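# A structural walkthrough
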Amino acid sequence: MRRLRHRSWAVAGLATAMAVTLLGPPAGPALAATPASAVLDATHQSVTWQSPVYSQGTSGGTETCPPAAEDPDSEVCDRFDVNVEVPEGYWADNPEGGVPISIEWQHPTDDFDLYVYDGTGKEVASSAGTADPEATVIPNASGTYHVLVVPYDVHDNGYTGKVYLPQTTDAGDLTSFGGDHGTYTVAAGALKARADFLANGRLRLQADPSGTFSDPAGSAIVRERPARQTRTTSFDAGAYYGVRSPDAVLRVYKKPLRFGLYKPDNRTRIWQEDKPLRWSTSGMRQSLARGADEQFFGGGEQNGSFAHRDRTMYVANNFDWNEGGYNNSQPFYLSSAGYGVYRNTFAPGVYDFGSPVRTGQQERRLDAYYFLGDAKKVIGKYTALVGKPFMPPAYGLEPGDSDCYLHNANRGERHTLDALKVADGYTEHDMPLGWMLVNDGYGCGYEDLDRTAKGLDEHNAQLGLWTQDGIDKLADQVKAGQRVAKLDVAWVGNGYGFALDACDRAKAGIEDNSDARGFVWLPVSWAGAQRCGVLWSGDQKLSWDYIRWQIPTYAGATLSGIAYNTGDVGSIYGHDPEMYARDLQWKAFLPAVMTMDGWASDITTGKPADQQPWRDGEPYTSVNRKYLQLKERLLPYMYTLSAEAATSGVGAVRPLWLEYPDDPKTLGADARYEFLAGSDFLVAPVYEDSDTRDGIYLPKGTWTDYWTGRTYRGPTTVDGYHAPLDTLPLFVKGGSIVPMWPKGTTSWKTRDRSELDWDLYPKGDSGYTLYEDDGVTRHFTEGASATQRVTVAARRTATTVDVGASRGSYQDKPASRAYRFTVHGEPAPWRVLLDGHPLPRTSWSYDSGTGVTTVSTPRLTLDRGFTLRLVR
């Protein structure tokens, strides 16, 4: 088991590995300086080969493989060449999208890694987890490919390799149709299909050319099967059979068998197959007609993008942490036509959103759940199936810090208790710290857990531990004080089922041994992981591009129900003070965030550089403190969004399209590199070495610059926005009501519970409901929580703020508190009334420079509401 951050991906001497193609599979192991090779064409459909037996592994990546000329007998690494000869357009409508390649070990406890390169030496496919067999696909294969197999961790072991050319078959004419009460079965020769209408606007469609229905995923992803919608009727429309439910009509066309889903009027198309189902050796695809303006989203974490029209989206086991990678991908997509679809599988998939739309998984079956409704409803229905986002503890929304202390090869020998010296730094610099991962690194153990946990608690932080090779010790660790668990790529194991299982088990391990909420981080996952963990986008290198492409990545992940997706502040390997500060600014508006220390080098000097937010000195320390404290003040707002996500499935970080789906410019180039935090904050990060940000798109409504108070009327695009290092372009929507903790707050534990601030941007009538609970325990699942409703009515002569009573209770809920209101964009009031009585002039003030009125109230009981009125 190992972390990919410690591995180089360069191929040593690949140019020397070129080979002459043979016209058939090799007779035996590759034993010559020239790699063995084979051809795949109309005559040769599949190839297998046998590797040498390796007495030991390299314990490294491709950089441990010498050039082929220096390894003539493949004693260190194995090489094999494949020449693929297929007609032009062969892959255009092939369910598998390329040549599948796999290696299966003689002893499955060992570990080989597989890499594939094209004729120019570019890596085109890899499988470097711990699965057996390792399997991947050479996409759109044509020409010569060089296969490199690294015996990473082996002991007198070899492997059998296999490649094949997928063949295809299409569904024929309908041969039978029948059913009732929500379940219908269909046949087209050997192909059998089944449609189950489900409650709340959902449909499950299965098809299998074997004639039987299987469910390899079982209950690993879908925990509870939805109830059937039994109120259905069928009819014969001549060219097709129709099945009508309260939510939709399913058409089953007869010649050839095709499916279409329509609204209840049976005229408005939701989706329609333009061709019959096609299957291959190990895959099946569905081909759909694409709407003229239809847009597509989802796929889990798709690095660098959130909208996928005219793009090919991959869903698979992937360790490319950078733009174009998809390590936290999910077999789910969402269409602007009013539906979403989840493929119930652990198999990799390829989704081509061209015209037509071709989507498929690398398994010879279809098992798809369709959800009807607008985007938010679809996300809600999808997450209701695979698991709603978990509710994090309050400290989980505070910054985290991660490093290896014991046996750190990069920083010299230290001890676990040295983490407390770093915690001291956060306290000394007035910077929030919610948790610390004190053993992040292979070979990095831990000691003195009890003392470390106690010391962190004195800093109002929680103990976190990274897990390399198992969670068997989790119970004892939790009893010693652990409250955060971080999994690793080693947890991928034999498929994504293992990764998802580990996430569920790690969360349960914390909850079964304490009264805390499980808080888990993981870098490789699958559909359903939102129910148990924060998805972390892996080990990236620092650059301005690194900052840029993460913006649509995390916003787009929300469209798959992923409420917590994030990356290391300032990356892991490189450090630069300015890039770090710029990256931290906008990530302060992500729910979860952490710094990864102990691995980086300064990109200018090459010297080791720790990455805590005060390390670079001024002006960077003050800038970083400003945004960390702002993040802390906004925790009531973000916590309420977390509570909403746990119910709705919709996370806090949103592409503009989600809130403004009728505005085509939200899909344009300007809007791609900005996002909404909730529906109130528009964040437009600076991702260049510049103090100016161009192309800030503001949709309809009014938007107030958070720093200057200047108001813009959308839709409009702002160019030339002045953004020096300490300024993140940040705008607040008109009508917003934002709860905040008092200035200077650095921890949820030490916040002033006797005061709550409200930041108001009056515009017409608006409302907001605050959610509160004890922040730590799971008692909220039993109803131990409270809500407080605030409404604002802005009129020409007065602005009225109604604050309702706090409804509900939880442990340590205060009985009363004072309030501080900051009311933006208003003329100076003549007087301010609290429940009809004038407040003394000392209780409120007006800043003519910013147009902000600040009002402070005395402590007021929480069991009844009050009215604040600003009269002009």
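Quick caveat: nothing in here was measured; it's all calculated off a predicted structure.

Calculation criteria
- Residues numbered from 1 in each chain as written.
- Predicted model: local features only at pLDDT ≥ 70, side-chain atom pairs only at ≥ 80, totals over all residues.
- Heavy atoms only, no water.
- Helix = DSSP H or I, 4+ residues; strand = E, 2+ residues; numbered from the N terminus.
- Buried < 20%, exposed > 50% of the residue type's maximum accessible area, 1.4 Å probe, protein only.
- Polar contact = N/O pair within 3.5 Å; in protein donor to acceptor, adjacent residues only side chain to side chain.
- Axes fitted to C-alpha atoms, helices over the stretch in contact; angles between N-to-C directions.
- Parallel < 35°, antiparallel > 145°, perpendicular 65-115°, else oblique.
- Contact = heavy atoms within 4.5 Å.
- Nonpolar A, V, L, I, M, F, W, Y, C, P; charged D, E, K, R; others polar.
- Patch = residues over 30% accessible without salt bridge, like charges linked within 9 Å, V, L, I, M, F, W, Y side chains within 5 Å.
- Areas by Shrake-Rupley, 256 points an atom, 1.4 Å probe, with all protein chains shown as cover.
- Salt bridge = Lys/Arg side-chain N within 4 Å of Asp/Glu carboxyl O.
- Lys, Arg positive; Asp, Glu negative; His and termini not counted.
- Charge placed at Lys NZ, Arg CZ, Asp CG, Glu CD.
- Pairing = 2+ DSSP bridges.
- pLDDT = per-residue confidence, 0-100.

This paragraph deals with the environment of E273. If you trace the backbone, E273 turns up in the loop between β19 (269-272) and β20 (278-280). For E273, a relative accessible area of 0% corresponds to the buried category. For E273 and F259, which are 14 residues apart along the polypeptide, the C-alpha to C-alpha distance reads 5.7 Å. Within the local environment of E273, its side chain forms a polar contact with the side chain of Q286, the two groups lying 2.9 Å apart.

Where helix α7 (residues 577-587) contacts helix α8 (residues 620-633), the axes come no closer than 9 Å and their chain directions differ by 10°. Compared by their axis directions, α7 and α8 come out roughly parallel. Residues P577, E578, Y580, A581, L584 and Q585 of α7 lie in contact with α8, whose contacting residues are Y620, V623, N624, Y627 and L628. The residue inventory of the contact of α7 with α8, partitioned by class, reads 8 nonpolar, 2 polar and 1 charged.

Turning to a negative patch on the surface, a few remarks are in order. Together, D670, E688, D689, D694 and D719 make up a negatively charged patch on the protein surface. Relative to the helices and strands, D689 is located in the loop between β42 (681-683) and β43 (692-693).

Attention now moves to the sheet that holds β19. The sheet built from 5 strands is open, its strands ordered β15-β16-β17-β18-β19 with antiparallel pairing. This sheet does not close on itself; its edge strands, each paired only once, are β15 (233-236) and β19. Ignoring which end each strand starts from, the neighbouring axes of this sheet average 20° apart.

Okay, the confidence of the model for the protein next. When the pLDDT values of the protein are averaged, the result is 92; 95% of them are 70 or greater. A low-confidence stretch, residues 1-33 stays under pLDDT 50, and its non-local contacts, those more than four residues away or across chains, total 129 contacts.

Here the focus is unusual backbone geometry. Here the bond from E618 into P619 is cis, since omega is 5°, no more than 30 degrees from zero. Cis geometry marks the peptide bond from G714 to P715; its omega dihedral reads 5°. Summarising the element assignment, P715 is placed in strand β45 (residues 711-718). In the Ramachandran plot, D430 falls in the positive-phi region, its phi being about 55° despite a non-glycine side chain. In this fold, D430 is placed in the loop between α2 (419-428) and β30 (435-437). Note on D430: relative accessible area 43%, which makes it partly exposed. A positive phi angle, close to 65°, is found at D812, a residue other than glycine. Considering the arrangement of structural elements, one finds D812 in the loop between β52 (798-808) and β53 (816-824). For D812, a relative accessible area of 57% puts it in the exposed group.

With that settled, the discussion passes to the sheet that holds β52. The strand order across the open sheet built from 6 strands is β50-β51-β52-β59-β54-β55, with neighbouring strands paired in antiparallel fashion. Either end of the sheet is taken by a strand with one partner, and the two such strands are β50 (765-772) and β55 (837-838). When strand β54 (residues 831-834) meets strand β59 (residues 866-871), the two strands line up antiparallel, connected through 4 bridges. Paired with V832 across the strands is L870, a residue of β59.

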